[in-house]
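Results of the structural survey
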Amino acid sequence: MQPIFLKPVLQEKIWGGSKLQTQFNLDLPNDSIGEAWCISAHPHGVSTVTTPSEYQGLGLDELYENHPELFGENHPTPFPLLIKILDANDDLSVQVHPDDSYANEHEGEGELGKTECWYIISAEPGASIVYGHHAHSREEFEAMVEAGNWDGLLRRIEVKSGDFFYVPHGTIHAIGAGIVILETQQNSDTTYRVYDYDRRDNKGNLRDLHIAQSADVTHFPHQDADTTVTIQKDQQSTETHLLSNEFFSVYKWQTAGKLTIDLAKDYYLATVVDGSGELIIDGQGYSLNLADSFILPHGVDKIELSGTMTIIASNPE
């Protein structure tokens with residue numbers, strides 16, 4: 001009945017920066033950290049339990065396998081979700097992700113596809129994302145890529161703090177420079193790169209592109225994905241249901257005082273993206289600070305939040 005707090009895994013990226021330290025107080029080894037994998041059981045970066053003490057030091061993959069009682073009946077293999085904070089100090093490559101079937105066939109048995117969504121934590125003035133494309137067919141897409149007609153192909157949208165975007169598999173996308181996001185996604189690290197601004201890695205090599213795979217999995221024509229947003233208010237605080245799909249549901253819990261939340265699913269994943277406060281379960285309080293990530297395990301059916309903070313939470317479906 002206690003929250004399970006986890007230590008993030010830091011990932012160095014060519015487009016990374018230092019905001020995970022300056023904005024979130026994480027201890028970074030250098031100024032090129034692009035991602036903090038806050039809640040992850042993926043083999044490319046497994047977060048570890050810090051508290052409670054009985055599970056301290058366990059990787060989330062071990063916890064999930066050896067303590068199924070913490071996760072209830074919804075217990076597929078592998079652990080279904082991955083939660084990240086991304087700091088785009090520079091533009092990310094333009095990319096697209098496959099669905100489960102394509103990933104399993106082309107990337108190895110058991111590899112999941114990747115449907116994701118973004119909550120914009122902060123954005124510098126004028127910052128934008130790539131979200132979708134203007135090609136009407138695969139043939140038109142391939143011709144525009146071959147011609148390098150990126151301005152004609154890519155659809156750009158200016159963003160601000162608090163915006164939310166649903167990015168299903170098959171959606172051409174890229175996070176632009178000056179943006180920090182909380183990403184909720186399937187537990188996958190499969191990415192097909194369409195365009196990378198002709199950047200070179202630290203060895204002077206152009207990074208690989210995956211044009212054929214991208215054309216295989218991209219949806220033509222692009223259509224904006226639907227999101228379902230419902231809001232429940234409790235005094236000065238707000239519970240917002242941002243999205244539900246076949247993989248996950250996502251919520252925004254925003255407190256300015258106190259907020260009581262009923263939890264109907266087996267377990268929940270949560271990250272503090274702004275402010276600080278306290279989590280109360282059965283009368284026991286737990287301090288919450290910026291960038292804290294935790295799991296509310298099976299059996300916790302009600303929580304109270306107090307303070308001034310914003311939490312992005314999710315549950316697998």
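The structure this text deals with has already been given above.
Everything numeric here is computed off the predicted structure, so don't read it as measured data.

**Points about the overall build of the protein**
- If you tally the helices and strands in the protein, you get six helices and 22 strands.
- Taking 2.2 N^0.38 as the reference for a compact globule, 317 residues should give roughly 20 Å; the C-alpha atoms of the protein span a radius of gyration of 19 Å, in line with that estimate.
- Here the analysis covers contacts within the protein between residues at least 6 apart in sequence; of these, 72% occur between residues at least 24 apart.
- Across the protein, the 19 positively charged side chains and the 49 negatively charged ones have centroids separated by 6 Å.

**Focus on the side chain of aspartate 163**
- Along the chain, aspartate 163 falls in the loop between strand S11 (154-158) and strand S12 (164-167).
- A polar contact of 2.9 Å, which involves the side chain of aspartate 163, links it to the backbone nitrogen of lysine 160.

**Focus on the sheet that holds S12**
- Strand order across the open sheet formed by six strands is S2-S3-S7-S14-S9-S12, with antiparallel pairing between neighbours. The sheet is open, and its two edges are formed by strand S2 (9-17) and S12, each paired on a single side. Ignoring which end each strand starts from, the neighbouring axes of this sheet average 25 degrees apart.
- Sheet topology note: the strand S7 (residues 81-88)/strand S14 (residues 179-186) ladder contains eight bridges and is antiparallel. Of the residues in S14, the one forming a bridge with isoleucine 83 is threonine 184.

**Re the pattern of salt bridges**
- Counted under the stated rule, the structure contains 13 salt bridges.
- Between arginine 199 and aspartate 196 there is a salt bridge, with the nearest N and O atoms lying 2.7 Å from each other.
- For arginine 199, a relative accessible area of 14% corresponds to the buried category.
- With relative accessibility at 4%, the residue aspartate 196 sits in the buried group.
- Note that arginine 207 is salt-bridged to aspartate 196, the shortest N-O span being 2.8 Å. Of this pair, arginine 207 sits in the loop between strand S15 (192-195) and helix H6 (211-217) while aspartate 196 is found in the loop between S15 and H6, placing the two residues 11 residues apart along the sequence.
- A relative accessible area of 22% places arginine 207 in the partly exposed class.
- One network of salt bridges, in which partners are shared, links Asp90, Asp196, Arg199 and Arg207.

**Some thoughts on helix H4 (residues 138-147)**
- By the burial criterion, the buried members of H4 are Phe141, Met144 and Val145. Considered in projection along H4, the buried side chains sweep an arc of 100 degrees and stay on one side of the axis. Along H4, the residues that are exposed and aim more than 90 degrees away from the buried face are Glu139, Glu146 and Ala147.
- On its buried face, H4 sits against helix H5 (150-153), S15 and H6.
- Where H4 ends, the next residue or the one after it, glycine 148, has phi of about 70 degrees, a positive value.

**So, the packing of aromatic side chains**
- Applying the stated criterion across every chain, the model contains 13 aromatic pairs.
- The interplanar angle of 55 degrees and the centroid separation of 4.9 Å between the aromatic rings of tyrosine 195 and tyrosine 197 together place this pair among those described as tilted.
- For tyrosine 195, a relative accessible area of 15% corresponds to the buried category.

**Details of the layout of surface pockets**
- If you add up the space inside the largest pocket, you get close to 370 Å³.
- If you go around the largest pocket, you meet 23 residues; those closest to its centre are Lys13, Trp15, Glu35, Gln95 and Thr191.
- Those elements that place two or more of their residues in the lining of the largest pocket are S2, strand S3 (33-39), S7, strand S9 (116-123) and strand S13 (173-175).
- Within the lining of the largest pocket, the residues separate by chemical class into seven nonpolar, seven polar and nine charged.

**What to know about unusual backbone geometry**
- A cis amide bond, omega 5 degrees, links threonine 51 with the succeeding residue proline 52.
- Going from phenylalanine 220 to proline 221, the amide bond is cis rather than trans, its omega being -15 degrees.
- Among the structural elements, proline 221 can be located in the loop between H6 and strand S16 (230-234).
- In this structure, aspartate 198 takes a positive phi of about 60 degrees despite not being glycine.
- Examined against the element boundaries, aspartate 198 turns out to sit in the loop between S15 and H6.
- With phi around 80 degrees, alanine 291 is a residue other than glycine that occupies positive phi space.
- Its location among the elements puts alanine 291 in the loop between strand S20 (284-288) and strand S21 (293-296).

Thresholds, definitions, all that
Residues numbered from 1 in each chain as written. Predicted model: local features only at pLDDT ≥ 70, side-chain atom pairs only at ≥ 80, totals over all residues. Heavy atoms only, no water. Helix = DSSP H or I, 4+ residues; strand = E, 2+ residues; numbered from the N terminus. Rg over C-alpha atoms; globule rule 2.2 N^0.38 Å. Contact = heavy atoms within 4.5 Å. Lys, Arg positive; Asp, Glu negative; His and termini not counted. Charge placed at Lys NZ, Arg CZ, Asp CG, Glu CD. Polar contact = N/O pair within 3.5 Å; in protein donor to acceptor, adjacent residues only side chain to side chain. Pairing = 2+ DSSP bridges. Axes fitted to C-alpha atoms, helices over the stretch in contact; angles between N-to-C directions. Salt bridge = Lys/Arg side-chain N within 4 Å of Asp/Glu carboxyl O. Buried < 20%, exposed > 50% of the residue type's maximum accessible area, 1.4 Å probe, protein only. Arc of directions from axis to C-beta. Phe/Tyr/Trp six-rings, centres within 6.5 Å; stacked < 30°, edge-to-face > 60°. 1 Å grid on protein atoms, 1.4 Å probe; cavity = no way out; pocket = protein on both sides within 12 Å on 5 of 7 lines; lining within 4 Å. Points joined across faces, edges and corners; volume = space filled by probe spheres on them. Nonpolar A, V, L, I, M, F, W, Y, C, P; charged D, E, K, R; others polar.

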